[in-house]
Amino acid sequence: MLNVRNISSYYGNIEALKDVSIDISEGEIITLIGANGAGKTTTLMSISGIIPPRSGEIYFMGQEIHTMSPDKIVSLGISQVPEGRHIFPDLTVMENLHMGAFLRNDTQGIKDDIDYIFSLFPILTKRQNQAGGTLSGGEQQMLAISRALMAKPRLLLLDEPSLGLAPLIVKQIFEIIRKINAEQNTAIFLVEQNANLALHAANRGYVIENGSIVLEDSAENLLSNDEVKKAYLGL
Ligand code: ATP
């Protein structure tokens, strides 16, 4: 479904990604783990077209996307939930959800998807007329995921969904991520500093260090890999 082929991405003269290759098949949950500053966010930004790679190629469902604008990439079926949520604080929950559907004009489909989202996150039903900025951190993360779902993605890019949230809320959000994957067959690309959590949710994983992929394996094998245990699982 997604083929990232040997991409290198830069901020000015700084090479943040070096020759990164990642493959995601339909319906998979894939995680990218790594330390602070390793290049996780840049990988997502390169896929979504915000930081286009300077070399290499990215294909989505067979189409070359590394030269496309971010809105075109969204319209093909890739939605990103950014680190720190970035919901619209002055818009209501309902208005935030409609913003996620800005490329769609199927009124009934949009309504059905809002109903589905409210079944996933019942708390958002209660909060639908409240301004996004008044929600708790966990509720804002739920809203950010929901807003991304409103674009009807085939691939959902999640940047650190656990960041700054209480363990119980994190557990709840990860259960919903698995549910979305199972019920909608939406592939998930999950970037996390919490490697333990991410590897328990994923089918396969990649490890990134200093902008390069250093390991790739099934989540099960990565969980029992001595280097991963020492560097990322604190074991
Ligand atoms: P974190 O977990 O802190 O978000 P990360 O693994 O997502 O880390 P990136 O944010 O992708 O890492 O950063 C990769 C490298 O690019 C780092 O060396 C970082 O300092 C650098 N970098 C990131 N954003 C910028 C920017 N806007 N300008 C210059 N350098 C940047």
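As a convention, each chain's residues are numbered from 1 in the sequence order in which they are written. Note on the predicted model: pLDDT of at least 70 is required for a residue's local features to be given, and 80 or more for side-chain atom pairs to be given and counted; whole-chain, interface and lining totals, by contrast, use all residues. In computing side-chain properties, one takes all heavy atoms of the structure into account and sets aside hydrogens as well as water.

## Considerations on the sheet that holds strand 6 (residues 78–81)
Whenever strands of a sheet pair, they do so through backbone hydrogen bonds, lying parallel or antiparallel. A pair of strands is considered paired only if DSSP assigns at least 2 bridges between the two. Per the convention used, a helix needs a DSSP run of H or I reaching at least four residues, while a strand needs a run of E reaching at least two, with both numbered from the N terminus. Pairing is mixed across the open sheet formed by six strands, whose spatial order is 6-7-8-3-9-10. The two strands at the open ends of the sheet, each matched to only one other strand, are strand 6 and strand 10 (212–218). Across the sheet, the mean angle from the axis of one strand to that of its neighbour is 15 degrees, orientation sign disregarded. As defined by bridge partners, strand 6 adjoins strand 7 (residues 155–159) across four bridges and the pair is classed as parallel. Residue pairing across strands places Ile78 opposite Leu155, the latter belonging to strand 7. Residue contacts follow a heavy-atom distance rule, with two residues in contact if any of their heavy atoms lie within 4.5 Å. All axes are obtained by fitting lines to C-alpha atoms, using only the stretch in contact for helices, and the reported angles, taken between N-to-C directions, cover 0 to 180 degrees. Helix-sheet contacts for helix 6 (residues 137–149) involve strand 6 and strand 7, and the interaxial angle to strand 6 is about 165 degrees.

## What about the site of the ligand?
We call a residue near a molecule or strand when any one of its heavy atoms sits within 4 Å of it. In the vicinity of the ligand lie 13 residues, with Asn36, Gly37, Lys40, Thr41 and Thr42 positioned nearest. Gly37 places a main-chain nitrogen or oxygen 2.7 Å from an oxygen atom of the ligand. Per-residue accessibility takes into account occlusion by the displayed protein chains alone, with areas from the Shrake-Rupley method and a 1.4 Å probe. Burial of the ligand by the protein amounts to 61% of the accessible area it has alone, namely 640 Å². At three residues, the largest contribution of residues to the shell around the ligand is made by helix 1 (residues 40–47). Note that Gly is not counted as nonpolar here; it falls among the polar residues with everything else outside the nonpolar set of Ala, Val, Leu, Ile, Met, Phe, Trp, Tyr, Cys and Pro and the charged set of Asp, Glu, Lys and Arg. For the shell around the ligand, the per-class residue count stands at four nonpolar, six polar and three charged. Pairs of N or O atoms are called polar contacts if they sit within 3.5 Å, as long as, within protein, a hydrogen donor faces a hydrogen acceptor (for residues adjacent in sequence, only side-chain-to-side-chain pairs).

## So, the nonpolar core
Among buried residues, the Ala, Val, Leu, Ile, Met, Phe, Trp, Tyr and Cys ones that are joined through side-chain atoms within 4.5 Å form a nonpolar core. For each residue, the accessible area found with a 1.4 Å probe, counting protein chains only, is set against the maximum for its type, and the residue is called buried under 20%, exposed over 50%, and partly exposed in between. Leu97, Leu124, Leu158 and Val228 are the most contacted members of the largest nonpolar core, which totals 45 residues. The residues touching Leu97, leaving out its near neighbours within four places in the chain, are Ile114, Ile117, Phe118, Leu143, Ser146, Arg147 and Met150. Among the nonpolar cores identified, the runner-up in size contains 26 residues, and Ile7, Phe60, Ile73 and Ile208 belong to it.

## Section: helix 3 (residues 93–100)
Turning to helix 3, its buried residues are Val93, Asn96, Leu97 and Gly100. Down the axis of helix 3, the buried side of the element spans an arc of 100 degrees, and every buried residue falls inside it. Structurally, helix 3 contributes buried residues whose contacts are with helix 4 (107–120), helix 5 (122–126) and helix 6. Starting at the helix axis, one direction is taken to each C-beta atom, and the arc is that of these directions.

## A word on the packing of aromatic side chains
Paired rings are identified among Phe, Tyr and Trp, the last through its six-membered ring, by centres lying within 6.5 Å, and are further divided according to the angle between planes into stacked (under 30 degrees), edge-to-face (over 60) and tilted (the rest). Inspection of every chain in the model, using the stated rule, returns zero aromatic pairs. Here Arg54 stacks its cationic end above the ring of Tyr10, 4.1 Å away from the centre of that ring. Think of it as a cone above the ring: NZ of Lys or CZ of Arg counts as a charge over the ring if it is within 6 Å of the ring centre and within 35 degrees of the ring normal.

Spatial relationships are all this shows, so hold off on functional conclusions.
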